[in-house]
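# An overview of the molecular structure
Spelled out, the chains give:
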Amino acid sequence: MSVERVHTEVYGDGTIEVFRLTNASGAWAEVSNMGAGIVGVSVPDSRGKMDDMALGFKAYRDFMVDTACYGKTPGRYANRIARGELTLEGRTYHLAINNGPNHLHGGPTNYSRRLWRSEPDAEGVTFVMESPDGDENYPGNLTARVRYTFSAQNELRIDLTATTDALTVINLTNHAYWNLSGVGAGTALNHELKLYATKWLPTDDTLIPTGELQPVADTPMDFTAAKPLGRDLEADFPALKYGKGYDNCWAVEGWQPGRLCPVAELYDPASGRLMEVFSDQPGVQVYTGNWLGKGELINKAGGRYADYDGVAIECQDFPDSPNKAHFPSTELRPGEEYRRTIRFRFSAK
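Residues numbered from 1 in each chain as written. Predicted model: local features only at pLDDT ≥ 70, side-chain atom pairs only at ≥ 80, totals over all residues. Heavy atoms only, no water.

### Re the sheet that holds strand β5 (residues 50-52)
The antiparallel open sheet is built from 5 strands, whose spatial order is β1-β2-β3-β4-β5. Each end of this open sheet is capped by a strand with a single partner; those strands are β1 (2-11) and β5. Neighbouring strand axes in the sheet, compared pairwise and without regard to direction, differ in orientation by 15 degrees on average. As paired elements, strand β3 (residues 28-32) and strand β4 (residues 37-44) share 5 bridges and run antiparallel to each other. (Pairing = 2+ DSSP bridges. Helix = DSSP H or I, 4+ residues; strand = E, 2+ residues; numbered from the N terminus. Axes fitted to C-alpha atoms, helices over the stretch in contact; angles between N-to-C directions.)

As C-alpha cells, then:
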C-alpha cells in the first residue's frame, strides 16, 4: 500500500491535508485532518468500474463548514445527550444545546469542525486532537487519535483511541455517508441493508432513547434480513415520523467489550458493491440522510445533495449513555485507554 499526501491548503491558522491510501489493485481511500475524516473511497463495482462512494464536496474546505458531519469524527461525544446535561462524581456539566433541546456530536465546535494533527507513515495515517479541559464544557484534558489503514482486500480500518487526565465521557465514531453507486448517483434508498441486531433503542420525539431495548420483530426497524432502505421509510411508525426517516440506534448482537462483531451489510443492486461493517462498539446508528437536501454546498458531482442521497452507518456507544446507568458505560478515567475499532470491507458480486 502507498500513502501519499495529495492536497494541502491553508485554512485559517492551519493547513488542510488530504492523504490517499492506495493498494496494489488501484483501489484507494482518501482521508484528511479535516475532522479526522474520510473524504473519498473508490473500489471497483461488479463490472470493474471505479467510483467514489463517500459523499463529500468539490472544494475540500467545504468539509470544514458543512452541518451534516460528512465523513468526519464527531466528539467528544457522538450522537445526543439529553438536555445537554451529564453528571460525573456528583458534579453536573452543562453542555451546548445544539439539536432541539439536546446536545449533539460534542457541540457546535466539536472535533469534526477542527483541523487535527497529521502523522502519516508507511502503513497509514494517524490524526491527533488535543482537547483541553473545559472544551465544550467537557471535563479533562483529552488526547484523541484516529488511525486509518487500507488493506489489499479493500478494507478500510479505523482505530479510535483516547486518554484523559480527569474523569470524562467519550463516544467516537465515523460519520461517512455512503452511496455505493457513486456520489452523483442520487438516492441510496434502493440500497439493501442487513443489521446484526435483534433489538433497537426507542426514543422520544427529540431522538433521546427512552432507556428500553425493544425487539425489532414485526416492526419497520427489522433489518435482520436484508431489505431496501426505502421499503418502510414512510410507515406509520413513531420513530420514522420523528426523524423523517431512520435516525436510530440498534444494539449489536453478541456484543461484548473488546470483541469485534459483524454489524451491518450494505448492498447496492445497481453496482453490485457490498460494504460489510465490523466493530467492537455496542451500538450502530443508522441515518438515512433525511436532511441532506438542506445543504447548499457543491458536491463532488457538481450539484447539490438531496435528502436520502447517502446513508451513514455509525458504530458507537449508545446515545445518552451518561444519563442511562444501565447502558454500557462511556466514562473514561485517568490511566485508562479508550480503544475502539471500525472496519468497512468492500467487495462486489
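### A look at the nonpolar core
Membership of the largest hydrophobic core comes to 63 residues, with the highest contact counts inside it found for Ile38, Trp178, Trp250 and Phe344. At 5 residues, strand β12 (residues 142-150) tops the list of elements feeding residues into this core. One finds Val18, Tyr70, Val183 and Tyr287 within the second-largest nonpolar core, a separate group that totals 16 residues. (Core = buried A, V, L, I, M, F, W, Y, C linked by side-chain atoms within 4.5 Å. Buried < 20%, exposed > 50% of the residue type's maximum accessible area, 1.4 Å probe, protein only.)

### A word on unusual backbone geometry
Cis rather than trans, the peptide bond between Gly75 and Arg76 has omega equal to 15 degrees. Within the secondary structure, Arg76 is located in the loop between β5 and β6 (80-81). Unusually for a residue other than glycine, Asn79 sits at a positive phi of about 70 degrees. The residue Asn79 is located in the loop between β5 and β6 in this model. For Asn79, a relative accessible area of 2% puts it in the buried group. For Asp218, which is not glycine, the phi dihedral falls at a positive 65 degrees. Note that Asp218 resides in the loop between β18 (214-215) and β19 (227-228). A relative accessible area of 81% means that Asp218 is categorised as exposed.

### What to know about the sheet that holds strand β16 (residues 192-195)
The sheet built from 9 strands is open, its strands ordered β10-β11-β12-β13-β26-β22-β21-β16-β19 with antiparallel pairing. The open sheet has two edge strands, β10 (117-120) and β19, and neither has a second partner.

### Side note on the pairing of strand β21 (residues 261-267)
The buried fraction of β21 amounts to 5 of the 7 residues, a majority that puts the element mostly inside the structure. Alignment of β16 against β21, held across 4 bridges, turns out to be antiparallel. By the bridge assignment, Glu192 is partnered in β21 with Tyr267. Here β21 runs beside strand β22 (residues 273-279); their pairing, made up of 6 bridges, is antiparallel. When the sheet's bridge partners are listed, Leu266 is paired in β22 with Met275. Connecting β21 to the next strand, β22, in antiparallel fashion are 5 residues, including Gly272 with a positive phi near 80 degrees.

### Describing the environment of Trp291
Among the secondary structure elements, Trp291 is positioned in the loop between β23 (283-287) and β24 (311-316). In this structure Trp291 comes out as partly exposed when scored by relative accessible area, which is 44%. Spatially, the C-alpha atom of Trp291 lies 9.5 Å from that of Tyr305, the residues being 14 residues apart in sequence.

### Re the state of the cysteines
If you walk through the whole model with that rule in mind, you get 0 disulfides. For Cys69, which is in no disulfide, the shortest distance to another cysteine sulfur is to Cys315 and amounts to 14 Å. No disulfide involves Cys261; its nearest neighbouring cysteine sulfur is the one of Cys315, lying 10 Å away. (Disulfide = S-S within 2.5 Å.)

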